[in-house]
Amino acid sequence: MWEESFDTEQLSSDVGGKLDYSPVSWREYFDQMEDVNVGLADSTDIFRIYKAGSDGPLLVLLHGGGHSALSWAVFTTAISSRVTCRVLAMDLRGHGATLVRQSDDFSTQTMSSDVANVIQACYGESHPPIILIGHGVGGAIAVHTASNMLLPTTVGLVAIDVVEGSAMEALHSIQNFLKGRPKSFKSMDHAIEWSVKSGQIRNLESARVSVVGQIKRCEMNQGDTLEQPSPVTDVVVESNEDFYDQSYVNETEKTAAECVYKWRIDLSKSEKYWDGWFRGTSNLFLACNLPKLLLLAGIDRLDRDLTIGQMQGKFMMQVLPPCGHAVQEDKPDKVAEAVAAFLSRHKFAESRRESQSSNSSH
């Protein structure tokens, strides 16, 4: 589900010979960043969101496990160039720069409530038409949010590479994948390089902006294996030297005041919720009385319920060109094209190309 083989196509595209793995700011892709307070005055949860656009329907973007809202950065530019829309991408609880009291509660009920609470805090009672778009775990959260009608103005639902059958089959291998990846990196550049070379993100442009949301900087003191306090302190990442990849990890990370970069979230600690994320999502997706789009990284991802539903015409489906699980990062233009066609077909959003062509004809 998170483990993908490596694709060399991305790396061979560099002309200069040496690739640039330096991080890129969110400002290149989004108009603004906000920290949204949700809850009572004495017990507030803070959700990090990124926004773009000022007109049209609101695309609420929910990232996959271990990723962050920055996973949608390149897609946001791509979709904004195709249709008139607004984008709100949020860091889910325990992820990115979001800071909540119960950071270990990853139940679908809690996480779908988070989505509704953030939209309520941003738009009050005057919600614009909403299209929920989720990838992986975020896709499951989008399905639960829509099926429970937590956002009454929701008009459409897009699930990206989340299929109950294949997800349930893959659950047993996730812990092995998590144990096998580096536990820390000596720089943000090294983390971005590893993400691309390992095939986790097969698009260098996307990796340079999105890995920043997955990794945080920590100070290491003599003999100390815990992080110093940082803006995101709700998750402690444990050190496990057995699985260090020495080509990326600084071998002297325990020297005095050495800086290392670690994952913001320890996904292995969410294991008890994995089954609940995906079990029943296919039927929930099919039962949502909304226009729906399912985007897949491969046709082999389809399970029986979705196959039957697709044959019955209950939703639109598109299989994208070969890519990894991080579909909207690997193929942002292809995902944007599919979403734009979905929005235009149901008249949710106006195509920018149509408006441009009509203007140029005068």
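In the block above lies the structure referred to throughout.
Residues numbered from 1 in each chain as written. Predicted model: local features only at pLDDT ≥ 70, side-chain atom pairs only at ≥ 80, totals over all residues. Heavy atoms only, no water.

> I'd like to hear about unusual backbone geometry, residue by residue, with values.
Within the chain, Met149 stands out as a residue other than glycine whose phi angle is a positive 50 degrees. On the accessibility criterion, Met149 (67% relative accessible area) is exposed. Notably, Asp161 is not glycine yet its phi reads approximately 50 degrees, a positive angle. (Buried < 20%, exposed > 50% of the residue type's maximum accessible area, 1.4 Å probe, protein only.)

> Outline the packing of helix H1 (residues 73–80) against helix H11 (residues 332–345), listing residues and values.
Relative orientation and spacing of two packed helices are given, respectively, by the angle between their axes and the distance between those axes. Where H1 meets H11, the axes come as close as 8 Å, and the angle between the chain directions of the two elements is 45 degrees. Considering their axes alone, H1 and H11 lie oblique with respect to each other. In this structure, H1 meets H11 at a crossing whose hand is right-handed. For the pair formed by H1 and H11, the contact residues are Val74, Phe75, Ala78 and Ile79 on the first element and Pro332, Asp333, Val335, Ala336, Val339 and Ala340 on the second. Grouping the constituent residues of the contact of H1 with H11 by class yields nine nonpolar, no polar and one charged. (Axes fitted to C-alpha atoms, helices over the stretch in contact; angles between N-to-C directions. Helix = DSSP H or I, 4+ residues; strand = E, 2+ residues; numbered from the N terminus. Parallel < 35°, antiparallel > 145°, perpendicular 65-115°, else oblique. Left-handed = near helix turned anticlockwise from the far one by under 90°. Contact = heavy atoms within 4.5 Å. Nonpolar A, V, L, I, M, F, W, Y, C, P; charged D, E, K, R; others polar.)

> Help me get a handle on the pattern of salt bridges, residues and values and all.
One pass over the structure, following the stated rule, counts 10 salt bridges. The shortest N-O distance in the salt bridge between Asp20 and Arg208 comes to 3.0 Å. With Asp20 in the segment before strand S1 (32–40) and Arg208 in helix H6 (residues 204–210), the pair connects residues that are 188 residues apart, well separated along the chain. Here Glu193 and Lys197 are joined by a salt bridge, their closest N and O atoms 2.8 Å apart. Here Lys197 and Glu193 lie together in helix H5 (residues 188–197), a separation of four residues that amounts to about one turn. Given the relative accessible area of 35%, Lys197 is considered partly exposed. Taken together, the shared-partner salt bridges in this structure form one network comprising Asp45, Arg93, Arg101 and Asp114. (Salt bridge = Lys/Arg side-chain N within 4 Å of Asp/Glu carboxyl O.)

> Residue-level account of the environment of Trp277, with values.
Looking at the secondary structure, you find Trp277 in helix H7 (residues 271–278). C-alpha separation for the pair Trp277 and Thr108, spaced 169 residues apart in sequence, amounts to 6.1 Å. A distance of 2.8 Å separates the side chain of Trp277 from the backbone oxygen of Phe106, its partner in a polar contact. (Polar contact = N/O pair within 3.5 Å; in protein donor to acceptor, adjacent residues only side chain to side chain.)

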